Each structure stands twice: as C-alpha cells, then as structure tokens.
2 protein chains.
Amino acid sequence: MFAHRSAIAFAPASVGNVGIGFDILGHALSGAGDRVHVRLIDAPEVRISAIHGADRELPLDAASNTAGAALIALRDSLGCAEGFEIEIHKGIPFGSGMGGSAASAVAALVAANGLLRQPLPLAELYPMALSGEAVASGSRHGDNVAPMLLGGLVLAVGERAPIKLPVQAELYCAHAHPHCVVETRAARAALKGAYELGEFVQQSGHLALFLTGVARGERELIAAGLNDVLVEPRRAPLIPGFAGVKQAALEAGALGASISGAGPSVFAWCWGKASAERVGRAMVEAFAVADLKADLLVGPVETPGAKLLSVAH
Amino acid sequence: MFAHRSAIAFAPASVGNVGIGFDILGHALSGAGDRVHVRLIDAPEVRISAIHGADRELPLDAASNTAGAALIALRDSLGCAEGFEIEIHKGIPFGSGMGGSAASAVAALVAANGLLRQPLPLAELYPMALSGEAVASGSRHGDNVAPMLLGGLVLAVGERAPIKLPVQAELYCAHAHPHCVVETRAARAALKGAYELGEFVQQSGHLALFLTGVARGERELIAAGLNDVLVEPRRAPLIPGFAGVKQAALEAGALGASISGAGPSVFAWCWGKASAERVGRAMVEAFAVADLKADLLVGPVETPGAKLLSVAH
C-alpha cells in the first residue's frame, strides 16, 4: 500500500466565507501556510511528535488535533495496519481567521497521501479533511479545507465534493492580519440568536450576484455581490478598527472587503496586483490607527492549493 | 413622443422564487398570461376602463391596480402630458402563485411603451414594473416582473437591473395549479418569525449549487440545489396535498420541485419535455388525491417574455 516512509507537504492559508459565502465559500491565500512532516510507523496509531512555530499550545493528543484527527480518518478509510507520526510546522497564526487549524489537517493528509503507492486525487481527501477541521471548529464545514485542497476559489456545500470556481487571473486578494486574536468559538457565539428573512433575502441576493459575476468574469457584479450584510455586522465588533479598515480598503479601490474566516483578519478583493498592494497598505495603516500592527499578504485569488514537497524512504 | 394611440401587449405567467431564490429568482411560464390594451388619452391621468376574465374583483382605481400603478410610474418617468386608459384581460388566476398581479403591470407597460415613437428597451421598464407589483405585494421585489420582461430565468436583486441567466433548452417546467387560493399576504405571514443561521447556510449552499449548475449547464448540480429548506417548509401547510405532490414529482423524475411564487401552484424542473409531461401528470394526480383539481402547464424554462401584440392609430 505504501511506497514511501516519510513525506512533507504544505497547505496554504485560506480566506473562509469570503464574506457572503458563510461556511460554503473560501479561497486559498498565498504567502502563508502550514508544513507537515508525516512518517509511517509500524504501530496501528496516529501520534504527534512535535508542533513547531505555534504561537500558543496546541493539542498533542492526535484525536484532539486537526492533523491527527484527519490522519485517524485517513487510516480508517484506508484500513491500513501501519500508523502515522506527525510533525507540524505552523506557519499560520492561531485565531487569525486564516484557516490555521484546517491547514494542518490538509497538509498532514497530503503528506500521508504521498506515502501511498497509488495516491488519491487530492479532492478525495476532502471528507477526512472535514473530520480534521471539525475537531477545532465543532462542525463539518469545508470553506477552509476545500480551497486548501483544490486551490483558488471553491464552493463547499456540506459533504458534497467541493466545486472549484475558476476566477480571472486579475483578481487579487489583499489580506491584513492584525496582531490580536479572535477565537473561533467566540466568533461563532456572536452569530447566535435570531435572524430575519429580510436579512437572508439581501444576503442571498449578494451571493447570487457574486457567483454570477465570478462565473461570467464581470467584476462589477462581483463588487456588487461582495457585501456581507448578515455575518459581518455581528462579528465586526470583535475586531478593533474594523469599520475603518474596511472603509480604507474600499476608498483605496477594493471591489469589496470583509472579515477573513472568523476574523480578526480582513480581506479585500481587488482588480490587479498594483491595486491590491495599494489597498493592502491602506488596510495596514487603518489598523495602525486602531493601535494594531498588521501583517499584509497580497496574492491572486487563483492561488495553488496544497502540495507534496518531498517523499523519502 | 407618441407614434400610436393604441397598443395591446401580452405578459406571460411566471414562477417566482424558483424555490431557493426567494424574492430574487423567477422564470417565465408559457401557456398563461395577461393581455392588456392601452389607449392614449388627452387627460393627464391613468384610468382603468375594464378588467375582463378576473375570477375576483380587482381594483379599478388606477393607483391601487398593478397595471395602473405601473403606468402612473411610466407617465412620471416620461413626463408626458397625455394619459393612458387601460383595459385588462386576465389570463392568470388570482392568488395562484403565477405572478398574475405582476403580469398585468408588465403587459400594460409593454403596451404603453409600444405607443412611443422611440420605445425603451424592455429592461428599462423594470423600475416601473416594480412600482406596479408593489401595489399588490407591498414590497418592491422583481422575481416575477423581471422574468416577464426578459423571458427565461432571471436574477432580480433589489433595484439593480435584472440579469438573465440563460438555461439549456432541455430544461422544462411542469406547473400544476390547484383550484384553491393562497393569498399573497397569508403566504407572507407564514414567513414571519425568527430564522436560524443554520437554515440560511443550508439554503445559501443550495442556491449556490443551483446557480453554479445553471451557469455550467450541469443538471446534477441544478437538482442538488433545487431544494428549498427555508421557505417551503413554512408555506407548505397552506397548500393541501403539497407533500404528496412534491413527492410524486420527484418520483416521476423531476430534478426538483417546490412552491411556485407564494403558492398554491407547484412547479417542477425536469430534463426534457417528455419527462416534464410525465411529472406534470403525476402532480395533477397527486392533487386529485387531496381532492383538488389542478391545471397543468408544461413548457421550457427558456420561455419568451412579454411582447407587443399590435399597435394602432
């Protein structure tokens, strides 16, 4: 079953939700990601030997760790006698809204898959990646793991095979990560409570415009649709300076801007790299007004997904 | 400004909402519609001379009638000295969920537009059609008037220019109108109350699959998406026999089925005419089990919109 004993894989960060696609849309984000080293072991178990570069303590118990849980799911699926030992190099800050927990799961899966004599197409790792992600988020949603597996913008609805939505090469993302933390659970708690049908109608109209704009490559429709009226207003209070950062992005020419994943990072979609760099600087400056340092990433929305970096005997 | 003194136009029925696109999606429905005769008058007003074929009393006061209100909006927009006299021939039953109030407004606008020396493109009549529709429904939503103006399947978000979404010629609609009435206001009342975020996530996932399926011409995605989990469960109790009718449609091979507009009509999307006819018969038989006679319409989703039938001096 296995051709190699050791493999290293990388999974990029991601922008979950993309504002108007709560729990169903996400895109890969270049410039950051997790790297995971997986070794075949003769014991029938999954264990985590080390986590490097984490900015806070992450669970070493495999079943409680997203990478560990993903490989437990993979072992169950393969029905193999061997086990895996995992070494994680975190490149995505905790609680940043960049899909850090998902990236460890996806990188671990892609590395373990690389050990196989006949590796699976990466899309087939999706159910196991959902199992990994669920350990951190409490639910099976694929808006982070799906774009990490497929690259670019991806529609991930429930357990269905995720669908890649190709976008124009000119679409860039400017992504500002402020040095503060919003815990996923707190961000979810902000969404508790009742919603009105009118909010849904407005948001679904925006989602429909966005998807139609993406499908047709019409940036005016994308801009009209990239306007989250449902989740953003409830989560924005958790992010210091959010209103100013969003306004700065729009004034600098962004097509739209909203919260990346559960926040506190803010993303903006832009037309062209130069525009995205200008927008990104404006966002970082606006975070500075709120006394927050922020790290900037700028890259095309059509960013490659996870990849196997090396295999060894 | 005017080249003719009299014109007759037809507007087809429509399937509002299309299940998963509440207030934002609709498509034209062939085989039924309203016909409106508009005459130029020298008085600066809009009046309704007669309404034929109505199965209940409709307002003859122009401002309270959807056709009248639409032409009042058109007069305001044109700034013309002349007025219009309207004669309406209803071909769409009241409270059927087939867009009857919208069709009168659209047919009146298309007829009045035909009187102009330089008629507007039909899409430019959209804001006036919204004003007409609002008289009956209490809000400006274009899921009926937009497909009546443009034909086929249309995305209508707020006041934005509606967007035609071309669909494959093989997509047919089977539409069963049972002989009972659901008043639009009662149907709206069923939607009052609180919604949960989880309902929204599921419905927006379905909407995204549906739109992606339509854009790509992938019927499996359309079928996966055409599943209203938000509005249908709340309105279904207003429609005798609904569950059985929907089940009959799906068992007969429909891609999906739901409530047409505010009901009580039920529509099903099918692949090919023969399938739609089979599905339609199954729906009519299922309504019969609930002691309801039902009228069946079968036609392509890509059905032409309103048209000018004749003009005269």
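Residues numbered from 1 in each chain as written. Chains lettered and ligands numbered in written order. Predicted model: local features only at pLDDT ≥ 70, side-chain atom pairs only at ≥ 80, totals over all residues. Heavy atoms only, no water.

**Student:** Even after reading the chapter, I still don't get the overall build of chain A, so can you show me in this structure?
**Tutor:** Summing up its helical and strand segments, chain A has 10 helices and 11 strands in all. Here chain A has a C-alpha radius of gyration of 19 Å; the compact-globule value for 313 residues is 20 Å, and the two agree. Out of the 313 residues belonging to chain A, those deemed buried represent 59%. Looking at chain A alone, contacts between residues at least 24 apart form 74% of all its contacts between residues at least 6 apart. Taken as a whole, chain A presents about 11,200 Å² of accessible surface, with 53% of it coming from carbon and sulfur. Charge-centre separation for chain A: the mean point of 24 positive side chains lies 3 Å from the mean point of 29 negative side chains. (Helix = DSSP H or I, 4+ residues; strand = E, 2+ residues; numbered from the N terminus. Rg over C-alpha atoms; globule rule 2.2 N^0.38 Å. Buried < 20%, exposed > 50% of the residue type's maximum accessible area, 1.4 Å probe, protein only. Contact = heavy atoms within 4.5 Å. Areas by Shrake-Rupley, 256 points an atom, 1.4 Å probe, with all protein chains shown as cover. Lys, Arg positive; Asp, Glu negative; His and termini not counted. Charge placed at Lys NZ, Arg CZ, Asp CG, Glu CD.)

**Student:** Looking at this model, I keep getting lost on the sheet that holds strand β7 (residues 171–178) of chain B. Mind explaining?
**Tutor:** Two orientations exist for strands paired in a sheet by backbone hydrogen bonds: parallel and antiparallel. All names here are of chain B. Strand order across the open sheet formed by four strands is β8-β9-β7-β10, with antiparallel pairing between neighbours. Single-partner strands in this sheet number two, and they are β8 (256–259) and β10 (294–300). Within the sheet, the average angular offset between the axes of one strand and its neighbour, ignoring direction, is 20 degrees. As paired strands, β8 and strand β9 (residues 266–271) are joined by four bridges and run antiparallel to one another. Across the sheet, the residue bridging to Ser 258 is Phe 267, located in β9. Contacts from helix α9 (residues 242–251) reach β8 and β9, with the element oriented near 155 degrees to β8. (Pairing = 2+ DSSP bridges. Axes fitted to C-alpha atoms, helices over the stretch in contact; angles between N-to-C directions.)

**Student:** Can you walk me through helix α6 (residues 197–216) of chain A in this structure?
**Tutor:** A turn of α-helix holds 3.6 residues, and therefore any two residues three or four places apart point the same way. The terminal C-alpha atoms of α6(A) lie 28 Å apart, and with 20 residues this matches the ideal 28 Å at 1.5 Å per residue to within 8%. Buried residues dominate α6(A), accounting for 16 of its 20 residues. (Expected span 1.5 Å × (residues − 1).)

**Student:** How do you make sense of the UniProt feature "domain: GHMP kinase C-terminal" (unreviewed entry) in chain A when you look at a structure like this?
**Tutor:** The feature "domain: GHMP kinase C-terminal" (unreviewed entry), as given by UniProt, occupies residues 215–287 of chain A in the numbering adopted here. Counted over residues 215–287 of chain A, helix gives 52% and strand 14%. Its end C-alpha atoms are 33 Å apart. (UniProt positions renumbered as here; feature names shortened; annotations may be inferred.)

**Student:** Looking at this structure, how should I read the packing of helix α2 (residues 100–115) of chain A against helix α3 (residues 126–137) of chain A?
**Tutor:** Helix-helix packing: each pair is described by the crossing angle between the helix axes and the interaxial distance. Residues and elements named next belong to chain A. Put simply, α2 and α3 touch, their axes get as near as 9 Å, and they point 145 degrees apart. In this structure, α2 crosses over α3, and the sense of that crossing is right-handed. The segment α2 lies against α3, with Ser 101, Ala 102, Ala 105, Val 106 and Leu 109 engaging Met 128, Ala 129, Gly 132, Glu 133 and Ala 136. Of the residues contributing to the contact of α2 with α3, the split by class is seven nonpolar, two polar and one charged. (Left-handed = near helix turned anticlockwise from the far one by under 90°. Nonpolar A, V, L, I, M, F, W, Y, C, P; charged D, E, K, R; others polar.)

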